[in-house]
Amino acid sequence: DVKVTQSSRYLVKRTGEKVFLECVQDMDHENMFWYRQDPGLGLRLIYFSYDVKMKEKGDIPEGYSVSREKKERFSLILESASTNQTSMYLCASSLVYTNEQFFGPGTRLTVL
Amino acid sequence: GESVGLHLPTLSVQEGDNSIINCAYSNSASDYFIWYKQESGKGPQFIIDIRSNMDKRQGQRVTVLLNKTVKHLSLQIAATQPGDSAVYFCAENRGRGANSKLTFGKGITLSVRP
(Lines give C-alpha, C1' and ligand atoms only; values in the text may rest on other atoms or scores of the structure.)
Protein backbone atom coordinates (compact mmCIF):
# COMPACT_ATOMS: atom_id res chain seq x y z
CA ASP A 1 0.00 0.00 0.00
CA VAL A 2 1.48 3.34 -1.05
CA LYS A 3 2.26 5.69 1.76
CA VAL A 4 3.21 9.28 2.38
CA THR A 5 3.81 10.11 6.01
CA GLN A 6 4.29 13.45 7.71
CA SER A 7 6.17 13.81 10.96
CA SER A 8 3.43 15.53 12.94
CA ARG A 9 -0.34 15.85 12.68
CA TYR A 10 -0.47 18.94 14.90
CA LEU A 11 2.24 21.43 15.74
CA VAL A 12 2.22 24.63 17.77
CA LYS A 13 5.13 27.04 17.47
CA ARG A 14 5.92 30.58 18.51
CA THR A 15 6.62 33.52 16.22
CA GLY A 16 10.26 33.60 15.20
CA GLU A 17 10.92 29.91 15.79
CA LYS A 18 12.52 27.76 13.12
CA VAL A 19 10.14 25.00 12.10
CA PHE A 20 10.85 21.76 10.28
CA LEU A 21 8.10 19.73 8.64
CA GLU A 22 9.19 16.31 7.47
CA CYS A 23 7.68 14.14 4.76
CA VAL A 24 8.63 10.59 3.82
CA GLN A 25 7.32 8.45 0.96
CA ASP A 26 7.92 4.75 0.46
CA MET A 27 6.98 4.52 -3.23
CA ASP A 28 10.36 5.44 -4.75
CA HIS A 29 8.75 8.50 -6.34
CA GLU A 30 10.99 11.07 -7.97
CA ASN A 31 8.71 14.08 -7.48
CA MET A 32 7.74 15.51 -4.11
CA PHE A 33 5.63 18.55 -3.30
CA TRP A 34 4.71 20.82 -0.40
CA TYR A 35 1.36 22.61 -0.36
CA ARG A 36 -0.46 24.72 2.14
CA GLN A 37 -4.22 24.53 2.42
CA ASP A 38 -6.30 27.42 3.69
CA PRO A 39 -10.11 27.80 3.78
CA GLY A 40 -11.41 29.34 0.58
CA LEU A 41 -8.01 29.21 -1.10
CA GLY A 42 -7.65 25.51 -1.82
CA LEU A 43 -4.20 23.97 -2.16
CA ARG A 44 -1.32 26.25 -3.09
CA LEU A 45 2.07 24.93 -4.12
CA ILE A 46 5.00 26.12 -2.01
CA TYR A 47 7.93 24.13 -3.41
CA PHE A 48 8.50 20.95 -5.32
CA SER A 49 11.44 18.71 -6.06
CA TYR A 50 11.94 16.35 -9.00
CA ASP A 51 15.18 14.79 -7.80
CA VAL A 52 17.51 14.59 -4.85
CA LYS A 53 19.03 17.99 -4.07
CA MET A 54 16.83 19.62 -6.73
CA LYS A 55 14.11 22.10 -5.85
CA GLU A 56 11.81 24.47 -7.67
CA LYS A 57 9.70 27.31 -6.34
CA GLY A 58 5.97 26.94 -6.49
CA ASP A 59 3.40 29.69 -6.33
CA ILE A 60 4.02 30.89 -2.76
CA PRO A 61 7.64 30.16 -1.76
CA GLU A 62 8.19 33.31 0.30
CA GLY A 63 9.07 32.55 3.90
CA TYR A 64 9.82 28.88 3.19
CA SER A 65 12.75 26.76 2.13
CA VAL A 66 13.07 23.04 1.43
CA SER A 67 15.63 20.29 1.61
CA ARG A 68 15.82 16.99 -0.25
CA GLU A 69 18.92 15.07 0.75
CA LYS A 70 17.40 11.63 0.13
CA LYS A 71 14.92 10.50 -2.48
CA GLU A 72 12.31 9.44 0.04
CA ARG A 73 12.43 12.53 2.25
CA PHE A 74 11.40 16.13 1.58
CA SER A 75 11.56 18.72 4.33
CA LEU A 76 9.82 22.08 4.52
CA ILE A 77 11.55 24.72 6.63
CA LEU A 78 10.11 27.89 8.06
CA GLU A 79 13.21 29.90 8.93
CA SER A 80 11.33 32.31 11.19
CA ALA A 81 7.72 31.33 11.69
CA SER A 82 5.07 34.03 11.50
CA THR A 83 1.40 33.98 12.41
CA ASN A 84 0.36 34.16 8.75
CA GLN A 85 2.00 30.78 8.26
CA THR A 86 -0.63 29.15 10.44
CA SER A 87 -2.14 26.62 8.05
CA MET A 88 -2.57 22.99 7.05
CA TYR A 89 0.56 21.73 5.26
CA LEU A 90 0.26 18.82 2.85
CA CYS A 91 3.06 16.81 1.33
CA ALA A 92 2.62 14.79 -1.87
CA SER A 93 4.69 12.63 -4.16
CA SER A 94 4.43 11.29 -7.70
CA LEU A 95 6.37 9.42 -10.33
CA VAL A 96 8.26 11.71 -12.67
CA TYR A 97 6.20 11.06 -15.79
CA THR A 98 2.79 10.64 -14.24
CA ASN A 99 0.62 13.34 -12.78
CA GLU A 100 -1.22 11.52 -10.03
CA GLN A 101 0.00 12.80 -6.71
CA PHE A 102 -0.30 10.83 -3.48
CA PHE A 103 -0.86 12.92 -0.39
CA GLY A 104 0.10 12.59 3.23
CA PRO A 105 -2.43 13.24 6.03
CA GLY A 106 -1.27 16.82 6.58
CA THR A 107 0.28 18.79 9.43
CA ARG A 108 -1.83 21.47 11.06
CA LEU A 109 0.63 24.17 12.13
CA THR A 110 -0.36 26.94 14.50
CA VAL A 111 2.03 29.84 15.01
CA LEU A 112 1.31 31.90 18.11
CA GLY B 1 -3.67 34.30 -15.54
CA GLU B 2 -4.16 30.62 -14.93
CA SER B 3 -6.88 29.61 -12.57
CA VAL B 4 -8.92 26.60 -11.73
CA GLY B 5 -12.18 27.48 -10.09
CA LEU B 6 -15.25 25.76 -8.80
CA HIS B 7 -18.64 27.31 -9.39
CA LEU B 8 -20.16 26.77 -5.94
CA PRO B 9 -18.57 26.35 -2.53
CA THR B 10 -21.12 23.80 -1.21
CA LEU B 11 -23.47 21.20 -2.61
CA SER B 12 -26.14 19.37 -0.64
CA VAL B 13 -27.74 16.23 -2.11
CA GLN B 14 -30.15 13.58 -0.94
CA GLU B 15 -28.72 10.13 -0.34
CA GLY B 16 -29.33 8.03 -3.43
CA ASP B 17 -29.47 10.98 -5.82
CA ASN B 18 -26.80 11.75 -8.39
CA SER B 19 -24.32 14.54 -7.67
CA ILE B 20 -22.70 16.82 -10.21
CA ILE B 21 -19.72 18.93 -9.24
CA ASN B 22 -18.51 21.50 -11.75
CA CYS B 23 -15.16 23.09 -12.36
CA ALA B 24 -13.90 25.76 -14.77
CA TYR B 25 -10.32 26.08 -15.88
CA SER B 26 -8.60 28.81 -17.82
CA ASN B 27 -5.42 27.26 -19.23
CA SER B 28 -6.36 25.87 -22.64
CA ALA B 29 -2.95 24.17 -22.86
CA SER B 30 -3.66 21.90 -19.89
CA ASP B 31 -3.47 18.29 -20.99
CA TYR B 32 -4.55 16.41 -17.92
CA PHE B 33 -7.12 16.84 -15.18
CA ILE B 34 -7.72 15.08 -11.88
CA TRP B 35 -10.47 15.00 -9.31
CA TYR B 36 -9.49 14.55 -5.68
CA LYS B 37 -11.64 13.82 -2.63
CA GLN B 38 -10.63 15.04 0.80
CA GLU B 39 -12.37 13.64 3.85
CA SER B 40 -12.18 15.40 7.16
CA GLY B 41 -8.77 15.02 8.79
CA LYS B 42 -7.19 13.34 5.77
CA GLY B 43 -5.12 14.31 2.78
CA PRO B 44 -6.70 14.45 -0.70
CA GLN B 45 -7.23 11.11 -2.40
CA PHE B 46 -7.31 10.46 -6.13
CA ILE B 47 -10.76 9.72 -7.57
CA ILE B 48 -10.46 9.81 -11.34
CA ASP B 49 -8.46 11.51 -14.07
CA ILE B 50 -8.92 12.41 -17.72
CA ARG B 51 -6.60 13.46 -20.50
CA SER B 52 -7.41 16.31 -22.82
CA ASN B 53 -7.85 13.99 -25.80
CA MET B 54 -10.90 12.46 -24.10
CA ASP B 55 -14.39 13.80 -23.43
CA LYS B 56 -15.54 11.31 -20.87
CA ARG B 57 -14.14 8.73 -18.52
CA GLN B 58 -15.99 6.42 -16.19
CA GLY B 59 -14.98 4.80 -12.97
CA GLN B 60 -16.88 3.01 -10.27
CA ARG B 61 -19.94 5.24 -9.63
CA VAL B 62 -18.05 8.27 -10.91
CA THR B 63 -17.83 9.88 -14.34
CA VAL B 64 -15.70 12.81 -15.40
CA LEU B 65 -16.73 14.94 -18.37
CA LEU B 66 -14.42 17.35 -20.13
CA ASN B 67 -15.63 20.13 -22.41
CA LYS B 68 -12.58 21.80 -23.90
CA THR B 69 -14.63 24.27 -25.91
CA VAL B 70 -15.83 26.03 -22.78
CA LYS B 71 -12.99 24.79 -20.54
CA HIS B 72 -15.28 23.01 -18.18
CA LEU B 73 -14.83 19.85 -16.15
CA SER B 74 -17.46 18.01 -14.16
CA LEU B 75 -17.56 15.09 -11.76
CA GLN B 76 -20.71 13.02 -11.60
CA ILE B 77 -21.32 10.69 -8.67
CA ALA B 78 -24.08 8.13 -9.11
CA ALA B 79 -26.30 7.09 -6.21
CA THR B 80 -24.58 9.37 -3.73
CA GLN B 81 -23.83 7.78 -0.37
CA PRO B 82 -23.05 9.27 3.06
CA GLY B 83 -19.44 8.21 2.58
CA ASP B 84 -19.24 10.58 -0.38
CA SER B 85 -19.48 13.57 1.97
CA ALA B 86 -16.18 15.38 1.56
CA VAL B 87 -14.45 18.31 -0.11
CA TYR B 88 -13.81 17.75 -3.81
CA PHE B 89 -11.01 19.41 -5.74
CA CYS B 90 -10.39 19.56 -9.45
CA ALA B 91 -6.81 20.01 -10.59
CA GLU B 92 -5.20 20.68 -13.95
CA ASN B 93 -1.70 19.75 -14.99
CA ARG B 94 0.82 22.43 -15.87
CA GLY B 95 4.21 21.76 -17.40
CA ARG B 96 5.67 18.64 -18.92
CA GLY B 97 7.65 15.67 -17.68
CA ALA B 98 9.75 16.37 -14.61
CA ASN B 99 8.29 19.86 -14.30
CA SER B 100 4.69 18.75 -14.22
CA LYS B 101 2.72 20.52 -11.53
CA LEU B 102 -0.93 20.47 -10.58
CA THR B 103 -3.00 23.61 -10.06
CA PHE B 104 -5.89 22.97 -7.69
CA GLY B 105 -9.27 24.58 -7.50
CA LYS B 106 -10.54 26.01 -4.22
CA GLY B 107 -12.67 22.99 -3.40
CA ILE B 108 -16.39 22.31 -3.03
CA THR B 109 -17.99 20.66 -0.05
CA LEU B 110 -20.44 17.85 -0.82
CA SER B 111 -22.94 17.17 1.95
CA VAL B 112 -25.17 14.10 1.70
CA ARG B 113 -28.55 14.27 3.46
CA PRO B 114 -29.84 10.95 4.86
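For the structure, see preceding data.
Model, not experiment: these values are computed from the prediction.

Enquirer: Quick one: what's the story with the overall build of chain A, residue by residue and with numbers?
Expert: For chain A, the count of helices and strands is 0 helices and 11 strands. Helices and strands in chain A line up, N terminus first, as β-β-β-β-β-β-β-β-β-β-β. Against the globule reference of 13 Å for 112 residues, chain A gives a C-alpha radius of gyration of 13 Å, in line with a compact fold. Along the three orthogonal principal directions, the C-alpha set of chain A runs to about 40 × 25 × 25 Å. Looking at chain A as a whole, 50% of its 112 residues qualify as buried.

Enquirer: Pulling in residues and values, what's your account of the state of the cysteines?
Expert: Residues and elements named next belong to chain A. The tally for this structure, following the rule as stated, stands at 2 disulfides over all chains. In this model C23 forms its disulfide with C91; the gap between the sulfur atoms is 1.9 Å. Judged by the sign of its S-S torsion, about -80°, the cystine formed by C23 and C91 is left-handed. Of this pair, C23 sits in strand β3 (residues 19–25) while C91 is found in strand β9 (residues 87–94), placing the two residues 68 residues apart along the sequence. With respect to burial, C23 and C91 carry one shared label: buried.

Enquirer: How would you explain the pairing of strand β3 (residues 19–25) of chain B if you had to name every residue and give the values?
Expert: Residues and elements named next belong to chain B. Only one face of β3 is buried: it carries S19, I21, C23 and Y25, and the other face, with I20, N22 and A24, is open. Summarising the sheet, β3 and strand β8 (residues 72–77) pair through 6 bridges and their orientation is antiparallel. By the bridge assignment for β8, I20 is matched with Q76.

Enquirer: Account for the interface of chain B and chain A, naming residues and giving values.
Expert: Contacts between the two partners involve 22 residues from chain B and, on the opposite side, 24 residues from chain A. A buried area of about 1,800 Å², summed over both sides, lies between chain B and chain A, and 53% of it is on carbon and sulfur atoms. Seen at the junction of chain B and chain A, the total is 3 residue pairs in polar contact (both at pLDDT 80 or more). Going through the elements one at a time, β4 (32–38), β5 (45–51), β9 (86–94) and β10 (101–104) of chain B are the ones with two or more residues in the side of chain B that touches chain A. In terms of residue count, the dominant contributor to the side of chain B that touches chain A is β4(B) (4 residues). A class-by-class count of the residues in the side of chain B that touches chain A yields 9 nonpolar, 8 polar and 5 charged.

Scoring rules and cut-offs
- Residues numbered from 1 in each chain as written.
- Chains lettered and ligands numbered in written order.
- Predicted model: local features only at pLDDT ≥ 70, side-chain atom pairs only at ≥ 80, totals over all residues.
- Heavy atoms only, no water.
- Helix = DSSP H or I, 4+ residues; strand = E, 2+ residues; numbered from the N terminus.
- Rg over C-alpha atoms; globule rule 2.2 N^0.38 Å.
- Buried < 20%, exposed > 50% of the residue type's maximum accessible area, 1.4 Å probe, protein only.
- Disulfide = S-S within 2.5 Å.
- Pairing = 2+ DSSP bridges.
- Contact = heavy atoms within 4.5 Å.
- Buried area = accessible area lost by both parts, 1.4 Å probe.
- Polar contact = N/O pair within 3.5 Å; in protein donor to acceptor, adjacent residues only side chain to side chain.
- Nonpolar A, V, L, I, M, F, W, Y, C, P; charged D, E, K, R; others polar.

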